[in-house]
Amino acid sequence: MRKRTKAREYVLQMLYQVEITRGNWQETLESFWQSNERKDIPGELKDFSAELLGGVVLHMQEIDKKISKYAANWQLERMAFVDRNIMRLGCFELLFRADIPPKVAIN
């Protein structure tokens, strides 16, 4: 699996944890890496994950408004946790990461 794909998988897990526990994203990030320290995860993957997680959390209100605007007949809080956080991550990449091509974010 490619490094950025793996990083997105980790970020999705962390977003789920942040939402379920209503915890601080930085503490979640730190505890996530501590609980996975046996996996020998490269620093660049951790850095990219931190950028994505922090960006989604920082822009979550704006992202949620955008998702709500276009989610016909769906309320954000009724979406499954995983689905909602996949949408958030994709929207963050589309709206705020010019270095990520739209087709990559959509995929």
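Scroll up to find the structure.
Anyway, here's the lowdown on the structure attached to this text.

About the thresholds
- Residues numbered from 1 in each chain as written.
- Predicted model: local features only at pLDDT ≥ 70, side-chain atom pairs only at ≥ 80, totals over all residues.
- Heavy atoms only, no water.
- Helix = DSSP H or I, 4+ residues; strand = E, 2+ residues; numbered from the N terminus.
- Buried < 20%, exposed > 50% of the residue type's maximum accessible area, 1.4 Å probe, protein only.
- Polar contact = N/O pair within 3.5 Å; in protein donor to acceptor, adjacent residues only side chain to side chain.
- Phe/Tyr/Trp six-rings, centres within 6.5 Å; stacked < 30°, edge-to-face > 60°.
- Lys NZ or Arg CZ within 6 Å of the ring centre and 35° of its normal.

**Focus: the environment of alanine 80**
Piece 1. The residue alanine 80 is located in the loop between α4 (60-70) and α5 (81-96) in this model.
Piece 2. For alanine 80, a relative accessible area of 40% translates into the label partly exposed.
Piece 3. For the pair formed by alanine 80 and leucine 95, sequence separation is 15 residues and the distance between their alpha carbons is 22 Å.

**Thoughts on the side chain of asparagine 36**
Piece 1. For asparagine 36, the position within the fold is in the loop between α2 (25-35) and α3 (43-58).
Piece 2. A distance of 2.8 Å separates the side chain of asparagine 36 from the backbone oxygen of phenylalanine 32, its partner in a polar contact.
Piece 3. There is a polar contact of 3.4 Å between the side chain of asparagine 36 and the side chain of serine 35.

**Looking at the packing of aromatic side chains**
Piece 1. With the rule as written, the count across this model stands at five aromatic pairs.
Piece 2. The interplanar angle of 25 degrees and the centroid separation of 5.8 Å between the aromatic rings of phenylalanine 92 and phenylalanine 96 together place this pair among those described as stacked. Of the two residues, phenylalanine 92 and phenylalanine 96 are both situated in helix α5; the distance of four residues between them amounts to about one turn of the helix.
Piece 3. Over the ring of phenylalanine 48 we find arginine 4, and its NZ or CZ is 4.1 Å from the ring centre.
Piece 4. Across from the ring centre of phenylalanine 81, 4.8 Å away, lies the NZ or CZ of arginine 84, which sits over that ring.

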